[in-house]
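Tertiary structure, described
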Amino acid sequence: MSNALVSIQIIPKTKDGEDVIPYVDEAIALIDQSGLRYEVHPLETTIEGDLSDIFSLIEQMNEAMIERGSTNVISQIKVLYQPTGASMDQLTEKYRS
């Protein structure tokens, strides 16, 4: 059972004002490869899973941005840690049709 929801907006500083979208696409690809459940939204992506797995993934995402050529990366995150279980569906079910 998942114990955390983490929303992340990753903001890499690109070379010479280069477009960030390919960087963000790479970060989302890493999330997809992790096998963790996630949803992409216009300004952030929400990941559901074990808190330590998600934090490890965020570290991988930041390292990938540097390897791609970013000089630094800002990762804005929001964390819901709930040891009894955390679910995107549970928190949003009343808003879904």
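In the block above lies the structure referred to throughout.
A few points on the structure.

Where helix H1 (residues 21-34) contacts helix H2 (residues 51-68), the axes come no closer than 10 Å and their chain directions differ by 145°. Two packed elements cross with a definite hand, and for H1 against H2 that hand is right-handed. Facing H1, whose interface residues are Pro22, Tyr23, Glu26, Ala27, Leu30, Ile31 and Ser34, H2 presents Leu57, Gln60, Met61, Ala64, Met65 and Arg68. For the contact of H1 with H2, the per-class residue count stands at 9 nonpolar, 2 polar and 2 charged.

What follows deals with the packing of aromatic side chains. The final tally for this structure, using the stated rule, is 0 aromatic pairs. The positively charged end of Arg68 is found above the aromatic ring belonging to Tyr23, 4.8 Å away from the centroid.

The subject of this paragraph is the pairing of strand S1 (residues 4-12). Most of S1 is tucked away: 7 of the 9 residues are buried. In this sheet, strand S3 (residues 45-49) lies alongside S1 in antiparallel orientation, the contact comprising 5 bridges. Bridged to Val6 within S3 is Ile47. As defined by bridge partners, S1 adjoins strand S4 (residues 73-81) across 9 bridges and the pair is classed as antiparallel. Following the sheet pairing, Gln9 is matched in S4 by Gln76.

The next thing to look at is the sheet that holds S1. Read from one edge of the open sheet, 4 strands run S2-S3-S1-S4, paired in antiparallel fashion. Of all strands in the sheet, those bounded by a partner on one side alone are strand S2 (37-40) and S4. Going from strand to strand, the sheet's axes swing by 20° on average, the running direction of each strand aside. The pairing of S2 with S3 spans 4 bridges and is antiparallel.

Parameters at a glance
- Residues numbered from 1 in each chain as written.
- Predicted model: local features only at pLDDT ≥ 70, side-chain atom pairs only at ≥ 80, totals over all residues.
- Heavy atoms only, no water.
- Axes fitted to C-alpha atoms, helices over the stretch in contact; angles between N-to-C directions.
- Helix = DSSP H or I, 4+ residues; strand = E, 2+ residues; numbered from the N terminus.
- Left-handed = near helix turned anticlockwise from the far one by under 90°.
- Contact = heavy atoms within 4.5 Å.
- Nonpolar A, V, L, I, M, F, W, Y, C, P; charged D, E, K, R; others polar.
- Phe/Tyr/Trp six-rings, centres within 6.5 Å; stacked < 30°, edge-to-face > 60°.
- Lys NZ or Arg CZ within 6 Å of the ring centre and 35° of its normal.
- Buried < 20%, exposed > 50% of the residue type's maximum accessible area, 1.4 Å probe, protein only.
- Pairing = 2+ DSSP bridges.

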